[in-house]
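Chain by chain, the residues run as shown.
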Amino acid sequence: MTAKLISGNEIAKQIREELAQEVTQLKEKYGVVPGLVTILVGQNAASVSYVTAKQKTSKELGFYSIQDNQPETLSEEDLLKLIDGYNKDPKIHGILIETKILYTIDPKKDVDGFHPVNVGKLMIGEANYLPCTPAGIQQLLIRSGVKTDGAEVVVVGRSNIVGKPIANILLQKQKGANATVTICHTGTKDMSFHTRRADILIVAAGKPKAVTADMVKEGAVVIDVGVNRIGMTPEGKAKLCGDVDFEGVKEKVSLITPVPGGVGPMTITMLMLNTVKAAKLAAGVKS
Ligand SMILES: NC(=O)c1ccc[n+]([C@@H]2O[C@H](COP(=O)([O-])OP(=O)(O)OC[C@H]3O[C@@H](n4cnc5c(N)ncnc54)[C@H](OP(=O)(O)O)[C@@H]3O)[C@@H](O)[C@H]2O)c1
């Protein structure tokens, strides 16, 4: 068996087209424009490029979009004032920030879904905003026709941004979920015992080839979240690979995400979806 690819590029494009239509309707019918601000303190190169990509996408979708770059020297007091201003600004529906100050943003504007209030809501099945990468994984499964109901899902990795939330999302008694979920990590004894049982295997370990062909079940669905830099292309671009030995595993499973072009494109797309949702919640617009 050779696996079909789950294309994150295509599914992300589909969702972005749906969102662009929704944004147009929100403007025309309700005069609402989703607003997103990204606050960047200091100049971390990786953060700058990620923030730029988020800004570009939000503008393409017709959002009101602000990139607020602040110097490394900004005092905590001034940062708190800045956040308070955005918390109160009715034109802003989503606030992104990469520091522990995260806890001071209004959970209603936490479109990353990382605020403890939103983490708790996810846990009890009442989430407004699902964290973006796990939400993207769920959409890849749903839109590829993968049945999660009753499936054995094994997640490799227990980070707060991928492993734990995707396990929680798929565990809920809800549509596109209702799975039996196992989480593996570096303390797991005999990881293969678990991964070989998986109908759906989600790997977020941050280690190239953490999962090889002998560790997967014939016909399984494999979602590879990993992004590992393994050198440079002759054109000077970073060469990427996932956490799964793609060449070996694709011969055994039914569906697999490539790296790049699998989970990656979904993350920013789901951030845009959360921001549209925040704008609708703020305006009292029902979906
Ligand atoms: N595509 C995207 O949009 C996107 C978004 C986020 C992350 N990522 C990528 O996804 C990967 C994971 O990210 P993360 O933030 O979740 O990573 P992380 O915080 O480093 O967590 C990795 C997890 O994997 C577990 N682990 C590591 N090696 C393992 C092994 N050999 N066997 C079993 N478990 C193992 C660790 O276990 P312990 O807890 O025991 O240490 C930890 O729980 C990274 O490559 C990252 O770049 C991609």
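Here the residue numbers are simple positions, counted from 1 along each chain's written sequence. Two thresholds apply to this predicted model, a pLDDT of at least 70 for residue-level local features and 80 or more for giving and counting side-chain atom pairs, whereas whole-chain, interface and lining totals are computed over all residues. Side-chain metrics rest on all non-hydrogen atoms present in the structure, leaving aside hydrogens and water.

Notes on the pairing of strand S5 (residues 152-156)
Working step 1: Most of S5 sits out of view: 4 of its 5 residues are buried.
Working step 2: In this scheme, strands are said to pair when DSSP sees at least two bridges between them. Secondary structure elements follow DSSP: runs of H or I no shorter than four residues count as helices, runs of E no shorter than two count as strands, and numbering proceeds from the N terminus. The sheet contact formed by S5 and strand S6 (residues 180-184) spans 5 bridges and is parallel. By the bridge assignment for S6, Val156 is matched with Cys184.
Working step 3: Traced from S5 through helix H6 (residues 163-171) to S6, the parallel crossover comes out right-handed.
Working step 4: In terms of strand pairing, S5 meets strand S7 (residues 200-203) through 4 bridges, oriented parallel. Within S7, the residue paired with Val156 across the bridge is Val203. Remark: exposure states derive from per-residue accessible area (1.4 Å probe, protein chains only) relative to the maximum for the residue type, with buried under 20%, exposed over 50%, and partly exposed in between. Crossovers are marked right-handed if the path from the first strand over the helix to the second runs clockwise, as seen with the strands pointing away from the viewer.

Re the site of the ligand
Working step 1: We define proximity as follows: a residue is near a molecule or strand when any one of its heavy atoms falls within 4 Å of that partner. Surrounding the ligand, one finds 21 residues, the nearest of these being Arg158, Ser159, Thr186, Val227 and Thr267.
Working step 2: Definition of a polar contact: a pair of N or O atoms within 3.5 Å, with one able to donate and the other able to accept a hydrogen when the atoms are protein atoms, and with sequence-neighbouring residues admitted only if both atoms are side-chain atoms. Within the side chain of Ser159, an N or O atom sits 2.5 Å from an oxygen atom of the ligand.
Working step 3: Residue Val227 places a main-chain N or O atom 3.0 Å away from an oxygen atom belonging to the ligand.
Working step 4: With the chains in place, 70% of the 930 Å² that the ligand exposes on its own is no longer accessible.
Working step 5: For the shell around the ligand, the per-class residue count stands at 9 nonpolar, 10 polar and 2 charged. Residue-level accessible areas treat just the shown protein chains as cover; the underlying method is Shrake-Rupley with a 1.4 Å probe. For this classification, the nonpolar set comprises Ala, Val, Leu, Ile, Met, Phe, Trp, Tyr, Cys and Pro, the charged set comprises Asp, Glu, Lys and Arg, and every other residue, Gly included, is treated as polar.

Describing unusual backbone geometry
Working step 1: Omega for the peptide link from Val259 to Pro260 comes to 0°, which places this bond in the cis form.
Working step 2: Counting through the fold element by element, Pro260 comes out in the loop between strand S11 (255-256) and helix H9 (264-283).
Working step 3: Residues other than glycine seldom take positive phi values, yet Asp190 does so here, at roughly 50°.

Details of the packing of helix H5 (residues 132-143) against H6
Working step 1: Taken N-terminus to C-terminus, the directions of H5 and H6 make an angle of 45°; their axes are 9 Å apart at the nearest point. The orientation of H5 with respect to H6, classified from their angle, is oblique. Two packed elements cross with a definite hand, and for H5 against H6 that hand is right-handed. On the side of H5, the interface is formed by Pro134, Ala135, Ile137, Gln138 and Leu141, while H6 contributes Pro165, Ile166, Ile169 and Leu170. The convention used is that axes are lines fitted to C-alpha atoms, helices contributing only their stretch in contact, and that angles between N-to-C directions extend from 0 to 180 degrees. Angles below 35 degrees are treated as roughly parallel, those above 145 as roughly antiparallel, those between 65 and 115 as roughly perpendicular, and all remaining angles as oblique. Crossing chirality is assigned from the near helix's rotation relative to the far helix, an anticlockwise turn below a right angle marking it left-handed and a clockwise turn marking it right-handed. By definition in these notes, contact holds between two residues if any of their heavy atoms fall within 4.5 Å.

Focus on the side chain of His93
Working step 1: The residue His93 is located in the loop between helix H3 (76-88) and strand S4 (94-97) in this model.
Working step 2: Setting aside residues no more than four positions away along its own chain, His93 makes contact with Val32, Val33, Pro34, Gly35, Lys108, Lys109, Val111, Thr275, Ala278, Ala279 and Ala282.

Observations concerning the environment of Leu26
Working step 1: In this fold, Leu26 is placed in helix H1 (residues 8-30).
Working step 2: Between the C-alpha atom of Leu26 and that of Val48, which follows or precedes it by 22 residues, the distance is 30 Å.
Working step 3: For Leu26, the contacting residues outside a window of four places in its chain are Gly31, Val32, Pro34, Val276, Lys280 and Val285.

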